[in-house]
Amino acid sequence: MKIDLDGKTAVVTGSTGGIGLAAAIGLAGAGAAVILNGRDEDRVEAAVRTLLEAVPGADVAGIPADLSTAEGCDKLAGELPNTDILVNNVGIFGPKPFFEIDDATWERFFQLNVMSGVRLSRAYMKGMMERGWGRVVFISSESALNIPADMIHYGFTKTALLSLSRGLAKLASGSGVTVNSVLPGPTMSEGVGEMLKEMAAEKGLTVEEAGVEFVKSERPSSIIQRPATTQEVANMIVYVCSKEASATSGGALRVDGGVVDSIVP
Ligand code: NAD
């Protein structure tokens, strides 16, 4: 199978680093014109340069916008009115004891992790359905199914994405537009690296070693017994965005190293 996205446009939210940038590089490598997004203009420009180093000659642009607000989502949709592929990747995470999570934090997680996907799907999916082809992907998490007791606010947003994605897939029934969720497990992104820095310093480990330690102690059901790389997660995203994935819709596709102890899906 050769994935060819020549002629397709893809926007990946929160793609100045981590899984989003890896997915954008994968999509550009398959020939798509890619739009990167992040809050900070300089970081967006740096990500454009990184992508061009990885995929010389790629058709890439950046749109800085803070997707935690309706205005930020409107800015992105205003500057890019149509896209063939929408990867709703942006998301924040981090442990916090339930009794210390205030309303503002719940709201912040909900606005960015869930409402950005709602708003951008509303902006782009109608056009995809009218044109008869499109791909919408929500980056959920194994934490949508295995809700961590120390990240209930995060797990809640990731479960919400499964509901949103399944419903939108049905809405797009028969239109040529597919909608799916991808569920990564622990993945060595910039964000996770930051989260692990403290543990690494305390135990005298490298961040990579701390990643393996984290998986073994906090996600012991992992079959691969290590974090995934961002590229491993990106491979699943690129596949589900491909023309070849046309019979996969309404799905929750795991790339969690087997953390969720279930045969299906
Ligand atoms: P990351 O923190 O490494 O990167 C997040 C990206 O989002 C960055 O480019 C950042 O600049 C951007 N961003 C943050 N806030 C933004 C905002 N308000 N507006 C626009 N852009 C913003 O994250 P990651 O680990 O690559 O995670 C990406 C997605 O994958 C998230 O939705 C996360 O929940 C999910 N996920 C990650 C893991 C993991 O272990 N890394 C596991 C499961 C699911």
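Residues numbered from 1 in each chain as written. Predicted model: local features only at pLDDT ≥ 70, side-chain atom pairs only at ≥ 80, totals over all residues. Heavy atoms only, no water.

(A) Looking closely at the sheet that holds strand β5 (residues 134–139). Taken together, seven strands build an open sheet; the order of strands is β3-β2-β1-β4-β5-β6-β7 and the sheet is parallel. Edge positions in the open sheet fall to β3 (60–64) and β7 (252–255), since each of these has one partner strand only. Between one strand axis and the next, the sheet turns through 20° on average, direction left out of account. Of the strand pairs in this sheet, strand β1 (residues 9–12) and strand β2 (residues 33–38) are connected by four bridges, and their pairing is parallel. By the bridge assignment for β2, A10 is matched with V34. Sitting on the sheet, helix α4 (residues 103–131) touches β1, β4 (85–88), β5 and β6 (177–184), and the angle it makes with β4 is about 165°. (Pairing = 2+ DSSP bridges. Helix = DSSP H or I, 4+ residues; strand = E, 2+ residues; numbered from the N terminus. Axes fitted to C-alpha atoms, helices over the stretch in contact; angles between N-to-C directions. Contact = heavy atoms within 4.5 Å.)

(B) Broad picture of the site of the ligand. The full set close to the ligand counts 32 residues, and T16, N89, Y154, T187 and S189 are the nearest of them. In this structure, a nitrogen atom belonging to the ligand sits 3.0 Å away from a main-chain N or O atom of L67. For the ligand, an oxygen atom lies 2.6 Å from a polar atom in the side chain of Y154. When atom positions are compared with the pocket grids, the ligand is found to occupy the largest pocket. Sorting the residues of the shell around the ligand by element identifies α1 (18–29), β2, α5 (152–171) and α6 (190–203) as the ones contributing at least two each. If you tally residues by element for the shell around the ligand, the top one is α6, at three residues. Here the residues of the shell around the ligand are counted per class, giving eleven nonpolar, 16 polar and five charged. (Near = heavy atom within 4 Å. Polar contact = N/O pair within 3.5 Å; in protein donor to acceptor, adjacent residues only side chain to side chain. 1 Å grid on protein atoms, 1.4 Å probe; cavity = no way out; pocket = protein on both sides within 12 Å on 5 of 7 lines; lining within 4 Å. Sits in = over half its atoms within 2 Å of the grid points. Nonpolar A, V, L, I, M, F, W, Y, C, P; charged D, E, K, R; others polar.)

(C) Quick peek at the pattern of salt bridges. Throughout the structure, instances matching the rule amount to six salt bridges. Here K203 ties to E213 by a salt bridge, and the two come within 3.6 Å at their closest N and O atoms. Of the two residues, K203 sits in helix α6 while E213 sits in helix α7 (residues 207–218), which places them ten residues apart along the sequence. The partner of R226 in a salt bridge is E232, with the nearest N and O atoms 2.9 Å apart. Of the residues examined, R226 reaches a relative accessible area of 33% and is grouped as partly exposed. (Salt bridge = Lys/Arg side-chain N within 4 Å of Asp/Glu carboxyl O. Buried < 20%, exposed > 50% of the residue type's maximum accessible area, 1.4 Å probe, protein only.)

Interpretation in functional terms is not warranted from these geometric data alone.
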